[in-house]
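Geometric and topological summary
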Amino acid sequence: PKETQVVFNTYIRKRDYKNGCISYGKLFGDEKYDAGHYISTRHKIITFDEDNVHAQCVACNQHKNSNHIPYRKNLLQKIGEERVNRLEEIYVQTKKWTKYELKELTDIYKKKLKEL
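Residues numbered from 1 in each chain as written. Predicted model: local features only at pLDDT ≥ 70, side-chain atom pairs only at ≥ 80, totals over all residues. Heavy atoms only, no water.

1. Here we look at unusual backbone geometry
With a phi angle near 50 degrees, Asn65 is a residue other than glycine that sits in the positive phi range. Despite not being glycine, Ser66 has its phi angle at roughly 75 degrees, a positive value.

2. Description of the environment of Leu87
Tracing the chain through its elements places Leu87 in helix H4 (residues 81-90). Note: C-alpha distance between Leu87 and Tyr38 (49 residues apart in sequence) is 8.9 Å. Discounting chain neighbours no more than four positions away, the residues touching Leu87 are Tyr38, Ile39, Ile46, Asp49, Asp51, Asn52, Leu75 and Ile79. (Helix = DSSP H or I, 4+ residues; strand = E, 2+ residues; numbered from the N terminus. Contact = heavy atoms within 4.5 Å.)

3. Topic: the nonpolar core
Nonpolar side chains in soluble globular proteins generally cluster together in the buried interior. Ranked by size, the top nonpolar core spans 11 residues in total: Val7, Phe8, Tyr11, Ile12, Ala35, Phe48, Val53, Leu102, Leu105, Tyr109 and Leu113. Breaking this core down by element, the ones donating at least two residues are helix H1 (2-16) and helix H5 (99-115). With near-sequence residues (within four places) excluded, Tyr109 lies in contact with Val7, Phe8, Tyr11, Phe48 and Glu50. Counting 10 residues, the second-largest nonpolar core is a separate cluster that includes Tyr38, Val84, Leu87 and Ile90. (Core = buried A, V, L, I, M, F, W, Y, C linked by side-chain atoms within 4.5 Å. Buried < 20%, exposed > 50% of the residue type's maximum accessible area, 1.4 Å probe, protein only.)

4. Comments concerning the pairing of strand E1 (residues 33-37)
Within a regular strand, side chains alternate between the sheet's two faces. The element E1 is extensively covered by neighbouring structure, given that 5 of its 5 residues are classed as buried. Of the pairings in the sheet, the one linking E1 to strand E2 (residues 53-57) comprises 5 bridges and is antiparallel in character. Within E2, the position partnered with Tyr33 by the bridge is Cys57. (Pairing = 2+ DSSP bridges.)

5. As for the packing of helix H3 (residues 68-79) against H4
Between H3 and H4, the shortest axis-to-axis distance is 7 Å and the interhelical angle comes to 125 degrees. Considering their axes alone, H3 and H4 lie oblique with respect to each other. Residue-level contacts link Arg72, Leu75, Leu76 and Ile79 of H3 to Glu81, Arg83, Val84, Asn85, Leu87 and Glu88 of H4. Of the residues contributing to the contact of H3 with H4, the split by class is 5 nonpolar, 1 polar and 4 charged. (Axes fitted to C-alpha atoms, helices over the stretch in contact; angles between N-to-C directions. Parallel < 35°, antiparallel > 145°, perpendicular 65-115°, else oblique. Nonpolar A, V, L, I, M, F, W, Y, C, P; charged D, E, K, R; others polar.)

6. Examining the packing of aromatic side chains
According to the stated counting rule, one finds 8 aromatic pairs in the structure shown. Aromatic side chains Tyr38 and Tyr71 sit 5.5 Å apart centroid to centroid with 35 degrees between the ring planes, which places their arrangement in the tilted category. With a gap of 33 residues between them, Tyr38 in the loop between E1 and E2 and Tyr71 in helix H3 connect regions that are remote in the sequence. Among the aromatic residues, those joined into a ring-pair cluster are Phe8, Tyr11, Phe48, Trp97 and Tyr109. (Phe/Tyr/Trp six-rings, centres within 6.5 Å; stacked < 30°, edge-to-face > 60°.)

7. Examining the packing of H1 against H5
The N-to-C vectors of H1 and H5 enclose an angle of 30 degrees; their axes lie 9 Å apart at closest approach. Between H1 and H5, the crossing angle belongs to the class labelled roughly parallel. In the packing of H1 onto H5, the handedness of the crossing is left-handed. Packed against H1, whose contacting residues are Glu3, Thr4, Val7, Phe8, Thr10, Tyr11 and Lys14, the element H5 presents Leu102, Leu105, Thr106, Tyr109, Lys110, Lys112 and Leu113 at the interface. Classifying every residue of the contact of H1 with H5 gives 7 nonpolar, 3 polar and 4 charged. (Left-handed = near helix turned anticlockwise from the far one by under 90°.)

Okay, structure coming up:
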């Protein structure tokens, strides 16, 4: 699972680099930034959902607990109300990832990274 999370997060950061921080739009320079989850990774069903994870500055993600209010506002603009509502509805479901599923996700995101 750790390799999958690393590859997935790397893909998200690279995908969103030019968009800046999802919470307030500040563009990234050389500083470290995160793949910030809108809904926490403790809800396994959406841990690897691309709609749920976006590039976010370390200050917002780690020090402001995802800076949730502006995150949601900008997420609505980025992916739309229907997709945000989907995230907010499904996160209560239970999911346990199998080794096979995690290997498959790792391979998918390694391929997507190469395509960026």
